[in-house]
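Coordinates in review
The primary structure of each chain is shown beneath.
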Amino acid sequence: MKQYKLGSLITVFLVLLMISCNKQSEKEAKLLESISEVKKQYAPDKRTALFDIHTFINTEKYILIGESNIPEAVALLKTKLDAENIMYESRIKILPSEDLEGKTHAVVNISVANLRSEPKHSAELATQATLGTPVKVLKKEENWYYIQTPDKYLSWVNVGGIVLMDDTQAQNWKSTTKLIYTQTAGYSYQDTQATQRVSDLVAGDIIEMTGETDDFFEVQYPDGRKAVVRKEESEPYGAWLEKLEPTQEGLVTTSKTLMGVPYLWGGTSTKGMDCSGFTKTIFFLNGMVIPRDASQQVHTGKAIDSVKNFDLLQKGDLLFFGRKETDSTAEKVVHVGMWIGNNEFIHASEMVRINSMDPNADNYDEHNHNRYLRSKRILKENDDALISLVKNPVFKD
């Protein structure tokens, strides 16, 4: 009899344990689902939004750890968990980090800053940012800062590439008079004798202008260095903006000035560029900030063609290449170029070059013809991912 009662108690205990475990598993599943839903809504692309949240259980409640630069996403997650009566403790860090002590802005201080995927020089080159680019600073790790560029790209920059600023300093910098360097590459000098160089410069560099002489503009770098830049190689930023009217021909002309620039994975400057860095640079030099990567650029603008009907294309349209969607695999965009007319497109492949879609042409590109996916038109298209420098004060109020 005692044996029977003991067996019954064990059975009841096991049943209760199973029910408890099932309820715990359901809560955990709901928790993970909530995290996934919020991430999908606010940070579907980890290259441009940070929502890195994890969880573990401690006694009777869950511990949420991680970080995000989207406070409203974290707030929504908490609301969802409260509605489900899930006990939790939040240790989520909201960026910018308090350790920055208010220095949550920075300006690129060198001709081209290399931005890495991790806080170390040996890490993959994720992208670049040119002189004068204002960035948001999110956190620090030793001599590296985690930043977000105007196109929302997230990456790490070494302390030597930027000058940190608080809100007031950043606003003061934006209000200064500036010039834009318009030649493919060149230098700033210590004085008008142009014998001692202060720094190299690349197309698209933007710098504070403090005065001028007959042949030079006087400038000041974000870190206070003073220099002069030849007038024939640059232009006051305000005047450049005023006359800016991006055209198909302007895009083609700009693209051809970059012929022969070497291919560089992660590059977005005239020192070296990858395929999407090339198209990004073309549009930037015509007053438009477009997304960083080909797989992001393909989601902007207006659809023009997807069946190789190249007669529909206009100069300046972007052509995308990669792997087509199948029943078992998703489409994958891996390359981009720009249409320049006459059945030709210009792209960064080993170097910036021009190829043709005409099988009879000497510069026919069979490889890219075979993996062509679609073409998009972004010139003068209304799209939240396309930033007009005329309409948006990225560099100057």
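Moving on, we get to the sheet that holds strand β2 (residues 61-68). The sheet built from three strands is open, its strands ordered β1-β2-β3 with mixed pairing. Either end of the sheet is taken by a strand with one partner, and the two such strands are β1 (51-58) and β3 (88-94). Taken pair by pair, the neighbouring strands of this sheet meet at an average axis angle of 15°, ignoring direction. Of the pairings in the sheet, the one linking β2 to β3 comprises seven bridges and is parallel in character. If you follow Gly66 over to β3, its bridge partner there is Ile92.

What follows deals with the confidence of the model for the chain. Close inspection of predicted coordinates is inappropriate in any region flagged by low pLDDT. Taken residue by residue, the chain gives an average pLDDT of 93. The fraction at 70 or more is 94%. This stretch, residues 9-21, has a pLDDT under 50; its non-local contacts, to residues over four places away or in other chains, come to zero contacts.

The next thing to look at is unusual backbone geometry. In this structure, Pro96 follows Leu95 across a cis peptide bond, with omega equal to 10°. Following the sequence through the fold, Pro96 ends up in the loop between β3 and β4 (105-108). The phi torsion at Glu101 lies on the positive side, around 55°, for a residue other than glycine. Mapped onto the secondary structure, Glu101 falls in the loop between β3 and β4.

With that settled, consider the packing of aromatic side chains. Scanning all chains against the criterion turns up eight aromatic pairs. When the centroid spacing of 6.0 Å and the interplanar angle of 70° are considered together, the rings of Tyr237 and Phe395 count as edge-to-face. Placement of the pair is Tyr237 in helix α4 (residues 237-242) and Phe395 in the segment after β27 (387-388), with a sequence separation of 158 residues. Across the pair, exposure class does not vary: Tyr237 and Phe395 are buried alike. Chaining the aromatic ring pairs together yields one cluster made of Phe310, Phe321, Trp339, Phe345 and Tyr372. Here Lys178 stacks its cationic end above the ring of Trp173, 4.2 Å away from the centre of that ring.

For the rest of this paragraph, the subject is the nonpolar core. Note on soluble globular proteins: their nonpolar side chains tend to be buried together. With 26 residues, the main nonpolar core has Phe278, Phe283, Leu318, Met338 and Val352 as its most contacted residues. The set of elements that each furnish at least two residues to this core consists of α5 (248-256), α6 (275-284), β22 (318-323), β23 (332-341) and β24 (344-349). Setting aside residues up to four positions removed in sequence, Met338 forms contacts with Leu251, Val252, Ser255, Ile282, Phe283, Gly316, Asp317, Leu318, Leu319, Glu344, Phe345 and Ile346. Counting residues in hydrophobic clusters, the runner-up holds 19 residues, among them Ile180, Ala203, Trp240 and Ile387.

This part is about the environment of Gly341. Within the secondary structure layout, Gly341 lies in strand β23. In the structure, Gly341 is positioned 38 residues away from Ala303 in sequence and 18 Å away in space, judged by C-alpha atoms.

To continue, consider the pairing of strand β9 (residues 154-158). Of all the five residues making up β9, four are buried; the element is thus mostly covered by neighbouring parts of the structure. Between strand β8 (residues 144-148) and β9, which pair antiparallel and follow one another directly, the connecting turn spans five residues, one of which, Lys152, has a positive phi of 75°.

Criteria and thresholds
Throughout, residues of each chain are indexed from 1 in the direction in which the sequence is written. Local features in a predicted model are, by the rule used here, given only for residues with pLDDT of at least 70; side-chain atom pairs are given and counted only at 80 or more, and totals for whole chains, interfaces and linings are based on all residues. By convention in this description, side-chain values take in all heavy atoms of the structure and omit both hydrogens and water. Pairing between strands is defined by DSSP: at least two bridges between them are needed. Per the convention used, a helix needs a DSSP run of H or I reaching at least four residues, while a strand needs a run of E reaching at least two, with both numbered from the N terminus. Fitting a line to C-alpha atoms yields each axis, with helices limited to the stretch in contact; the angle taken between N-to-C directions then spans 0 to 180 degrees. pLDDT expresses, on a scale from 0 to 100, how confident the predictor is about each individual residue. Contact criterion: two residues are considered in contact whenever any of their non-hydrogen atoms come within 4.5 Å of each other. Side-chain rings of Phe, Tyr and Trp (the six-membered ring for Trp) are treated as a pair once their centres are within 6.5 Å; stacked means planes under 30 degrees apart, edge-to-face means over 60, and tilted covers the remaining angles. For the exposure calls, accessible area comes from a 1.4 Å probe over protein chains only, and a residue counts as buried if that area is under 20% of its type's maximum, exposed if over 50%, partly exposed in between. Two thresholds decide whether a charge sits over a ring: the Lys NZ or Arg CZ must be within 6 Å of the ring centre and within 35 degrees of the ring normal. In this text, buried Ala, Val, Leu, Ile, Met, Phe, Trp, Tyr and Cys residues form a nonpolar core when linked through side-chain atoms within 4.5 Å.

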